[in-house]
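# Analysis of the macromolecular model
Each chain, letter by letter, is given below.
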Amino acid sequence: HDIGEGMRSVRVGPWGGRQVLLLGVKRGVVVYDLENKQKRVYPLPDIKQPRGGVNSVAVHGNSLFATHSEFGLALWDLEHPGRPAELLYDSITAGQKTTRGVHVASDRLLFASGTHVYGIVLSDLSSAPVLYRGSHGLVSSVTCAGPALYASTEEGTILQWDLKQPDYPSVLLKKNDP
């Protein structure tokens, strides 16, 4: 199967009552149904020639989210393959070296841009995001478990925030620490 140029990421996600592969490629996302061997392509807007590709993908209901360091945070409706993504929170992601790690955690969408992590209530994507600050390096990945938010940085640090305390991360691990 031709799945697109420059594959950068893969995740398994729920859609249509089954698990599908979510493939981040240079110019968008490919959703590949393992059961029926079909693919659906979700392109990024044709506004620039990207060097990298989609580095992370997440699904919530019929919403498909992706991060791309050159495009920022992208959103598609899974019911409409072929339509270009809507770019969200461009004022946050524009000018940042990286935008990565999109993740759905119960009622919120999390993603990283530059040295910050952002949290958005999924029921209101137009709301102002919560800013989780305190990282001294570019954030490369984000996840959440219960009341805790975790992020890794390019410099080799793992940070933890209490979701209710966005200004005060704890350093859990640091590169070269015993």
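Counting restarts for each chain: residues are numbered from 1 in the order of the written sequence. Thresholds applied to this predicted model are a pLDDT of at least 70 for local features of residues and 80 or more for the giving and counting of side-chain atom pairs; totals over whole chains, interfaces and linings are not thresholded and use all residues. Note: side-chain values were computed over all heavy atoms of the structure, leaving out hydrogens and water.

Labels follow the DSSP assignment, with helices taken as runs of H or I lasting at least four residues and strands as runs of E lasting at least two, numbered in each case from the N terminus. When you go through the protein chain residue by residue, the secondary structure sums to one helix and 16 strands. Radius of gyration: over C-alpha atoms. The globule rule applied is 2.2 Å multiplied by the number of residues raised to the 0.38 power. A compact globule built from 178 residues would reach a C-alpha radius of gyration of about 16 Å, and the protein chain, at 16 Å, matches this within 12%. Reported as C-alpha extents along the three principal axes, the dimensions of the protein chain are approximately 45 × 35 × 35 Å. Relative to its 178 residues, the protein chain shows a buried fraction of 45%. Across the protein chain, contacts joining residues at least 24 apart in sequence account for 38% of those joining residues at least 6 apart. Total accessible area computed for the protein chain in this model is approximately 9,200 Å², and 50% of it derives from carbon and sulfur atoms. Charged residues are defined narrowly, with Lys and Arg counted positive, Asp and Glu counted negative, and His plus the chain ends left uncounted. Lys charges are placed at NZ, Arg charges at CZ, Asp charges at CG and Glu charges at CD. Treating the 18 positive side-chain charges of the protein chain as one cloud and the 17 negative ones as another, the clouds have centres 5 Å apart. Relative accessibility under 20% of the residue-type maximum defines a buried residue, over 50% an exposed one, and the middle range a partly exposed one, all with a 1.4 Å probe and only protein chains included. Between two residues, a contact is recorded if the distance between any of their heavy atoms is within 4.5 Å. Method for areas: the Shrake-Rupley scheme with a 1.4 Å probe, in which residue coverage is limited to the protein chains shown.

Turning our attention to the sheet that holds strand E5 (residues 56-60). Between any two strands, at least two bridges found by DSSP are needed for them to pair. Across the sheet, which stays open at both edges, the four strands sit in the order E5-E6-E7-E8 with antiparallel pairing between neighbours. At either margin of the open sheet sits one strand with a lone partner, and together these are E5 and strand E8 (86-88). Neighbour to neighbour, the strand axes of the sheet diverge by 30° on average, direction disregarded. Here strand E6 (residues 63-68) runs beside strand E7 (residues 72-77); their pairing, made up of six bridges, is antiparallel. Counted as the bridge partner of histidine 68 is glycine 72 from E7. Angular values range over 0 to 180 degrees, each being the angle between N-to-C directions of two axes fitted as lines to C-alpha atoms, with helices fitted over their stretch in contact.

A side-chain nitrogen of Lys or Arg and a carboxyl oxygen of Asp or Glu constitute a salt bridge if their distance falls within 4 Å. In the structure shown here, the tally under the stated rule is five salt bridges. Note that aspartate 33 and arginine 18 form a salt bridge whose closest N and O atoms lie 2.4 Å from each other. Of the two residues, aspartate 33 is situated in strand E3 (residues 28-33) and arginine 18 in strand E2 (residues 18-25); the sequence distance between them amounts to 15 residues. Judged by its relative accessible area of 6%, aspartate 33 is buried.

Attention now moves to the pairing of E6. Of all six residues that make up E6, five are buried, and the element is covered over most of its length. Where E5 and E6 come together, five bridges link them in antiparallel fashion. Looking at the pairing, valine 59 lines up with leucine 64 of E6. What sits between E5 and E6 in their antiparallel hairpin is a turn of two residues, with glycine 61 showing a positive phi close to 60°. If you look at the hairpin formed by E6 and E7, you'll find three residues sitting between the two strands.

Within soluble globular proteins, side chains that are nonpolar tend to cluster in buried spots. Within this scheme, the nonpolar core is defined by two criteria: the residues are buried Ala, Val, Leu, Ile, Met, Phe, Trp, Tyr or Cys, and they are joined through side-chain atoms within 4.5 Å. Grouped together as the largest cluster of nonpolar side chains are 17 residues, with contacts concentrated most on Val29, Val31, Leu64 and Trp76. In contact with valine 29, not counting residues within four places along its chain, are Leu23, Arg40, Val41, Tyr42, Val54, Val57, Leu64, Ala66 and Trp76.

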